[in-house]
Amino acid sequence: MSLRALVGITLGKLVGRLSRLLRAGGGTTMPGRVARAVDPAIIAHLAADLRLGSVLVSGTNGKTTTARLIASCCERGGWRVTHNRAGANLHAGVAAALVSRTSAIGRARGEIGVFEVDELALPRAARDLRPRLIVLTNLYRDQLDRYGEIDHIAARWHDALSALGPGTTVLFNADDPAVTAIVARLSLPAVPFGIEDDRCGRPSLEDAADARYCYRCGTPFTYRVVFLSHAGKYACPRCGTARPDPCVRADAITLRGTTGASASIAWDNGTHLTVDTALPGLYNVYNVLAAAAAAAHLGVSKETIRVTLSTFTPAFGRGERLTWNGVALQILLGKNPAGFNELLRTVASASPTALLIAINDLTADGTDVSWLWDVEFEMLRDLPSTVTVSGLRAHDMALRLKYAGLPTDRVRIIEDLPQALRVAAADAGTGGTLILLPTYTAMLQARDALRSMGVARGFWED
Amino acid sequence: MDLRVCHLYPDLLNLYGDRGNVLVLERRCRDRGIDVSVTRARVGDALDARTQDLIFLGGGEDRQQGVAVVDLRRRAADLGAAAASGTVILAVCGSYQLLGHVYHPAEGPALEGVHLLDLETRHPGRGARRLIGNIAIECSLPGVGALVGFENHGGVTDLGAGATPLGRVRVGYGNNGEDKTEGAMQGTIFGTYLHGPLLPKNPSFADALIGLALRRRFGEVRLAPLDDDVESAARRAALARIGASYPTDRWRGRGAASS
């Protein structure tokens, strides 16, 4: 370990302790920022000490939950894990996780690294970490003001992954043609995963905007079944390019509204396991499937995987259930049309007594709220409850609901989020259920409000 | 009375909430007892543009725009004839660029447009900043007032003598970030960088387009006023959020914040 790296580690740790002490925040990125300022190569240095290597998880949706599930499987399997738990998924977050799991004399406390990384951070993270496994969950339209177009991210990913050697395996969502197109042009070992159960899908794409074009000949793909956004069983009617047969498959899926799901996960070698998870919605079946496939690839036993996935408690904002003055409160983070559509499907099937939607347009949310018009809020038309809208873009949300066909007297606008939470909870009433659908920064605001009322924990305690 | 709307390339040019515009056109007609038919025409589909009252085109990713423009060139004469007979064409973002003469990308050969709008667009080069952010303009159409929206484009557009700006930039970049012009109008053809759901928060512009489109077959039509409380509140909130005060549909003080 170089002196420079040691100084970086020491200063980083000091800053982390200070920011916790001062309650300035969770200290999930500052230690990393400081350590990288002192030693720009700190990630590569510290990652080299991880005895069992590292795993990267990236994609538009499902990063945090999938990475957490993989980390939990590894922990239960007996390994010491270094993991950016709080969802700090840029370079500073990865560096901070490594620094906090390194001793003062520069010795790694973790044996294996499990890191979720932002789509645009993946190329650099892959170069620095040289991961043994990269998990690609999906690529949907998301925050175009920040990420640019899907094709742009796909090109960056392809360039980054092409530079890796055969020591890296890519575990990818075969149902997503945008992801498959990238992997199809790589020479790395690749393992496809996917959903088999056609009963979970729909016959056609929800919105024409999600159409994908064959990456070999440019013809629009046709779908036998669509599971989520543009993910499904697709094939090109012209050149025959099709979804690869998954080596790890989810079948016999049961969705239980907002309370969870179960699925049978099977591997090519004939082994399988049945998972019952508290994580709701088909999008979480994908997360569970990806995590099971990843953990098995790393060598965690199937029984350990089954127990871990079946006892996993959702993270804040990812389906965690809280009780607040006798109201069951569930917070489901929505970031983009694909994610939001799945949340709405889940919510509509659960029929909560009150619903609160909080839309912000800060940098972490995406400053462009145009995406609200790509979300099928029409699904809420038959929900009997009043919908409260909140956040910096509450009025945009109210307008979207009007054009989705909700009568204006069923939509209430309360821009102040803590106030909106109180009113919506009163709506739900004792014994009722309140579901909050926030964008990212609205979720953090809600957490702060609930923490000050003693209902939720701080994100650094997570 | 009925309005025939065509959404051209809904699968290719629908990058970010563009379909919101079609939802608004439908709803604002139906609420007034005007029937609406929406035709969704894709690449290769048979379409007689002259039968349509209003044709809408959205924005797309580079690759999708490349596919769309090939089909669009084939339709150029038909679209031109339709516009000459009074059909309204509204193009936002990427398709706005395609309706011009040419697009010069950062690298590679120039992409010929369909020459329906007298304008040219060039990408200033790989290193250049994209023009991204909330935007508010004062619309040149009488009675429309301010338009509020979001822009996100790499290309910069210069208008020729045949086109007039759709409006003047108050906050944001507009056509090129320099001359304060935004969008273009030429007869019944309208183009703008205010992308995605342009019409929901700008109901007066939506109504102006509906009125113009109905004129082709029904002459001057008086559109009944609608309850626009939710629209007005969303407009006010958006304008306040981007730093343009907006008490009575008139601008006060404050000039452009950027460009």
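Everything discussed here concerns the structure shown above.
Residues numbered from 1 in each chain as written. Chains lettered and ligands numbered in written order. Predicted model: local features only at pLDDT ≥ 70, side-chain atom pairs only at ≥ 80, totals over all residues. Heavy atoms only, no water.

With respect to the packing of helix 4 (residues 63-76) of chain A against helix 10 (residues 282-298) of chain A
Describing two packed helices takes the angle between their axes plus the distance from one axis to the other. Residue and element names in this part refer to chain A. As a reminder, the rule being used: A fitted line through C-alpha atoms serves as each axis, taken over the contacting stretch for helices, and the angle formed by two N-to-C directions is quoted from 0 to 180°. Strands are runs of DSSP state E lasting at least two residues, helices are runs of H or I lasting at least four, and both sets are numbered from the N terminus onward. By definition, any crossing whose near helix is turned counterclockwise from its far helix by less than a right angle is left-handed, and any crossing with a clockwise turn is right-handed. Residues are treated as being in contact if the distance between any of their heavy atoms lies within 4.5 Å.
Relative to each other, helix 4 and helix 10 sit at 35°, their axes nearing to 8 Å. Of the two elements, helix 4 crosses helix 10, and the hand of that crossing is right-handed. Packed against helix 4, whose contacting residues are Thr65, Thr66, Leu69, Ile70, Cys73 and Cys74, the element helix 10 presents Asn284, Asn287, Val288, Ala290, Ala291, Ala294, Ala295 and Leu298 at the interface.

Details of the interface of chain B and chain A
To keep it simple, the criterion reads: Accessible-area loss on putting two parts together, using a 1.4 Å probe and summing over both, is the definition of buried area adopted here. Whenever a carboxyl oxygen of Asp or Glu lies within 4 Å of a side-chain nitrogen of Lys or Arg, that contact is scored as a salt bridge. Between N or O atoms, a polar contact is any pair within 3.5 Å; within protein, one atom must be a potential hydrogen donor and the other a potential acceptor, and residues adjacent in sequence are included only when both atoms are from side chains. Side-chain classes are defined by residue name, with Ala, Val, Leu, Ile, Met, Phe, Trp, Tyr, Cys and Pro counting as nonpolar, Asp, Glu, Lys and Arg as charged, and the others, Gly among them, as polar.
Facing 35 residues of chain B, the contacting portion of chain A comprises 35 residues. Both sides of the chain B and chain A interface together cover about 3300 Å² of buried area, and 50% of this is carbon and sulfur. Looking only at chain B, the three residues that lose the most surface to chain A are Tyr16, Arg19 and Arg241 of chain B, adding up to 22% of its buried area. The tally of links between chain B and chain A comes to four salt bridges. Across the pair Glu231 of chain B and Lys402 of chain A runs a salt bridge whose closest N-O atoms are separated by 3.0 Å. Across the contact surface, chain B and chain A share 12 residue pairs in polar contact (both at pLDDT 80 or more). If you tally residues by element for the side of chain B that touches chain A, the top one is helix 5 (residues 229-241) of chain B, at seven residues. Grouping the constituent residues of the side of chain B that touches chain A by class yields 15 nonpolar, eight polar and 12 charged.

Description of the pairing of strand 6 (residues 190-195) of chain A
Side chains on a regular strand alternate between the two faces of the sheet. Residue and element names in this part refer to chain A. What counts is decided by this rule: We treat two strands as partners when DSSP finds at least two bridges between them. By convention, a crossover is right-handed whenever its connection, traced from the first strand over the helix to the second and viewed with the strands pointing away, goes clockwise.
Two strands pair when backbone bridges link them, and strand 5 (residues 169-173) and strand 6 are joined in this way by four bridges, in the parallel orientation. Paired with Asn173 across the strands is Phe193, a residue of strand 6. Following the chain from strand 5 across helix 9 (residues 177-184) to the adjacent parallel strand 6, one finds a crossover that is right-handed. With three bridges joining them, strand 6 and strand 9 (residues 248-255) adopt parallel strand pairing. Its bridge partner being in strand 9, Phe193 is matched across the sheet by Val248.

Details of the environment of Thr181 of chain B
Residues and elements named next belong to chain B. Mapped onto the elements, Thr181 comes out in strand 12 (residues 181-182). Once the C-alpha coordinates of Thr181 and Glu138 are considered, the two residues, 43 residues apart in sequence, prove to be 9.8 Å apart. Apart from residues no more than four positions distant in its own chain, Thr181 is found in contact with Pro165, Gly167, Val169, Tyr173, Gly174, Asn175 and Asn176. Within polar-contact distance, the side chain of Thr181 engages the side chain of Asp179 at 2.7 Å.

Comments concerning the sheet that holds strand 17 (residues 433-438) of chain A
Residues and elements named next belong to chain A. Spatial strand order, 12-13-17-14-15-16: six strands in an open sheet with mixed pairing. Looking at strand neighbours, the two that pair on one side only are strand 12 (318-324) and strand 16 (411-413), the edges of this open sheet. Averaged over all neighbouring strand pairs, the angle between strand axes comes to 20°, with direction disregarded. Pairing analysis gives four bridges linking strand 14 (residues 354-358) to strand 15 (residues 387-390), with the strands arranged parallel. Bridged to Ile357 within strand 15 is Val389.

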